[in-house]
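Residue-level structure breakdown
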Amino acid sequence: MPENEERASFSGKVGFVLAASASAVGLGNLWRFPYLTSHYGGGIFVIVYIILAVTFGFSLLIAETALGRKTGKSCISAFGELCSKYKWIGVLAALVPILIVPYYCVIGGWVTKWFAESAMGGLSTLASSGYWVSFVTGGETGDMSDPTAWFLIFALLCVVCVAVGVERGIERLSKILMPLLLFMIIGITIYEFTLPNIWDGVVFYLNPDISKLNAGTFMGAISQIFYSMSLAMGIMITYGSYMKKSVSIEKSARNVGVIDTGVAFLAGLMIIPAAFAYDHPDAQSIGLMFTALPDVFATMPGGEIVAPVFYLLVLFAAMTSAVSLLETVVSVFVDLKAIKRKKSILISIALILVLGMMSVLGFGPLATDIPLLDGGAGWLGIFDTITNNFMMPIVALLTCIFIGYVIKVTVITDEVKADGNAFVSERLFEVMIKYICPVFLALMLIVAVTITFGIYSPY
Ligand code: TRP
C-alpha cells in the first residue's frame, strides 16, 4: 500500500477482513502449522493452539488493529505518535519482517518448484522417497544450484509485484483463489479418508495426548500464533491504519482469527494423517508439507492435475503473504530513513539475497550446528527461531506493557468502541493485555532461552 498517497482506506467491512486474511493465510498455515503440530505431539498442540488463539491471538489482533486505526500510522510512527519515548518498540517490530522475508522466499521457492515439477509430469519424482532432502541439500553432488534458482525465481516474482505495484491486483485475485484453495484442501482431505492406514494419523491429530504437554508446547503454539496471524511485527497496525472508523474492530478481528485458525486446522488435517499413512520418517521436519502430499497425489485418480493446481494455489497464498511482508519491509526503510521508495526496494533486494542465500546454503556448504530450537534447519531455522521465539514475544510483551501501563487500556478500548458497537470482550481484553499476556509472554521468553541454550529439554 503506497504511503505517500493520501491514506486510502479499505472498502467497508469485508475489505479489512479480506486484506488481513490474505496477509495472514500463507505458508504459516500450510507449511509451518502442520510440522509444528507433528513436532509438539499432535492433538495436544492443536488444543493449546486453539485456546491461545481465541485468547492471546484475538486480544493482540484487536490491540494492534486499534493502535493502527487510532493513530492512522504504520507501525514505526504509531508508537511514537502516542508516546514519543516508545517509538523504538515500533522499530523493533519492524525488524521482524526484515528477517522473515528472505527465508519465506526460500520456502516459497520450494512451493514454486513443486508446482513446476508436478505441472511437467514429475509427480512421481516428487513422491520418490528422500526427494525433498536431496533437493534442499543438493543431493549426492551437493550442487545447490537448483534450490538457489527456485528461491531466486520466487523472490523475483515478489520483488516485481512490489516494484510494479500490482498488490491490489493480486489481492483481488486472491479473493477467488483463496476460497478455491480451501475447497481443495477439504476435497483432498475427504479423499484421504478413503485411504487405508489414515486413521492412526487422524487420531494423532485430533486426540490430545496429555503426557506430551510441556512448556515447549505453549512456546511453540504462541510463536506460531504470532507468525500465522501476522502479529507482533507491526503489520496489523498498518492494516488497522487503513480501516474505516465505522467498521467493528472486534468483529473483524474475530473473523480474521477464525479464518486463519480454520485454514491452519484444515491444513493440518490434510497433511498430518497423510504423513502417517505413507510412513514418513521426516514428519516432524520442516519438509513435512513437501514430502507427505506428493504421495497422496501420486495415488489419487487425476492426481497429475490436482497436484499442480493445488501447488499453484499454495503458491498464490504464499505470494500474497510474501508481497505484503516485502511491502512492509520497503515501507519500513522509507519511514525510518526517509529514503526514496526505489532505494528502499534496492536495500530490500540486497537483504533478501544475502539472508535468503544463507538460508538456502545452510542446508549445504553453510551448514551450522548452532543449537537452536528447530535445529537441523540450518540458517533458515536460526532466522525462524530468532524471530518467532524471541523477537515476536518481546514485541508482543512490550506492546502489552505499552498499552496497559503507558497509554492505558482505555485508549484502545475507546477506539474499539468508536464505531458505536459494544465491545463484547472488553473485560477479557483488559485482563489479557494488562496481566495475563505480559506474565505469560515473559514466561515464554524464559522457556525459549532455557530450551535454546540446552538448560531445559522437554523432549
Ligand atoms: N502470516 C503469514 C503466513 O501465515 C506470514 C507472515 C508473517 C506475514 N508475517 C507477515 C505476512 C507479515 C504478511 C505480513 O504465512
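Residues numbered from 1 in each chain as written. Predicted model: local features only at pLDDT ≥ 70, side-chain atom pairs only at ≥ 80, totals over all residues.

Observations concerning the overall build of the protein
- Summing up its helical and strand segments, the protein has 19 helices and zero strands in all.
- For 459 residues, the compact-globule estimate of 2.2 N^0.38 gives 23 Å, and the protein sits close to it at 21 Å.
- Projecting the C-alpha coordinates of the protein onto the three principal axes gives extents of approximately 55 × 50 × 45 Å.
- When contacts within the protein are restricted to residue pairs at least 6 apart in sequence, those whose partners lie at least 24 apart make up 82%. (Helix = DSSP H or I, 4+ residues; strand = E, 2+ residues; numbered from the N terminus. Rg over C-alpha atoms; globule rule 2.2 N^0.38 Å. Contact = placed C-beta atoms within 7 Å.)

Concerning the packing of helix H5 (residues 87-119) against helix H8 (residues 145-164)
- Packing of H5 against H8 brings their axes to within 7 Å, and their N-to-C directions diverge by 105 degrees. In terms of orientation, H5 and H8 fall into the roughly perpendicular class. Between H5 and H8, the contacting residues are Cys105, Val106, Gly108, Gly109, Trp110, Thr112 and Lys113 on the first element and Pro147, Trp150, Phe151, Ile153, Phe154, Ala155 and Cys158 on the second.
- Looking at the contact of H5 with H8 residue by residue, the classes come out as ten nonpolar, three polar and one charged. (Axes fitted to C-alpha atoms, helices over the stretch in contact; angles between N-to-C directions. Parallel < 35°, antiparallel > 145°, perpendicular 65-115°, else oblique. Nonpolar A, V, L, I, M, F, W, Y, C, P; charged D, E, K, R; others polar.)

Quick look at the environment of tyrosine 242
- Locating tyrosine 242 in the fold gives a position in the loop between helix H12 (235-241) and helix H13 (249-277).
- The class of tyrosine 242 is partly exposed, set by 19 C-beta atoms lying within 10 Å. (Buried ≥ 20, exposed ≤ 12 C-beta atoms within 10 Å, placed from the backbone.)

Here's the deal with unusual backbone geometry
- Its identity is not glycine, yet asparagine 197 carries a phi of approximately 65 degrees, on the positive side.
- One non-glycine residue with positive phi stands out, namely alanine 232, at about 55 degrees.
- Looking at the secondary structure, you find alanine 232 in the loop between helix H11 (215-228) and H12.
- Since 29 C-beta atoms lie within 10 Å of it, alanine 232 is described here as buried.

Some thoughts on the environment of isoleucine 176
- Relative to the assigned elements, isoleucine 176 resides in helix H9 (residues 167-192).
- Classification of isoleucine 176 by C-beta neighbours within 10 Å gives exposed; the count is 9.
- Considered as a pair, isoleucine 176 and methionine 391 are 215 residues apart in the sequence and their alpha carbons are 34 Å apart.

A closer look at the packing of helix H3 (residues 43-71) against H13
- Where H3 meets H13, the closest approach of the two axes is 9 Å, and the angle between their N-to-C directions is 145 degrees. Note on packing geometry: the crossing formed by H3 with H13 is right-handed. Packed against H3, whose contacting residues are Val46, Ile50, Ala53, Gly57, Phe58, Leu61, Ile62, Thr65, Ala66 and Arg69, the element H13 presents Ile249, Glu250, Ala253, Arg254, Val256, Gly257, Thr261, Phe265 and Gly268 at the interface. (Left-handed = near helix turned anticlockwise from the far one by under 90°.)

Quick look at the confidence of the model for the protein
- Summary statistics for the protein give a mean pLDDT of 90 and a share of 95% for residues scoring 70 or more.
- In the model of the protein, helix H1 (residues 12-24) stands out as the element of lowest mean pLDDT, 80, in contrast to H3, which has the highest, 96.
- The model gives residues 1-6 a pLDDT under 50, and that stretch makes seven contacts with residues more than four places away or in other chains. (pLDDT = per-residue confidence, 0-100.)

Some words on helix H18 (residues 409-417)
- By the burial criterion, the buried members of H18 are Ile412, Thr413, Glu415 and Val416. Along H18, the residues classed as buried sweep out an arc of 155 degrees about the axis, all on the same side.
- Check the buried side of H18 and you find it contacts H3, H13, helix H17 (378-406) and helix H19 (426-452). (Arc of directions from axis to C-beta.)

Re the site of the ligand
- Of all residues adjacent to the ligand, which total 17 residues, the nearest are Ser23, Gly26, Gly28, Ser230 and Ser321.
- When contributions to the shell around the ligand are tallied by element, the ones reaching two or more residues are H1, helix H2 (27-39), H5, H11 and helix H15 (303-337).
- Split into classes, the residues belonging to the shell around the ligand amount to eight nonpolar, nine polar and no charged. (Near = placed C-beta within 6 Å.)

A closer look at the environment of glycine 201
- Within the secondary structure layout, glycine 201 lies in helix H10 (residues 199-206).
- Of the residues examined, glycine 201 has 25 C-beta atoms within 10 Å and is grouped as buried.
- For the pair glycine 201 and tyrosine 49, spaced 152 residues apart in sequence, the C-alpha to C-alpha distance is 18 Å.
- Once residues lying within four places of it in the same chain are set aside, the contact partners of glycine 201 are Ile272, Pro273, Ala275, Phe276 and Ala277.

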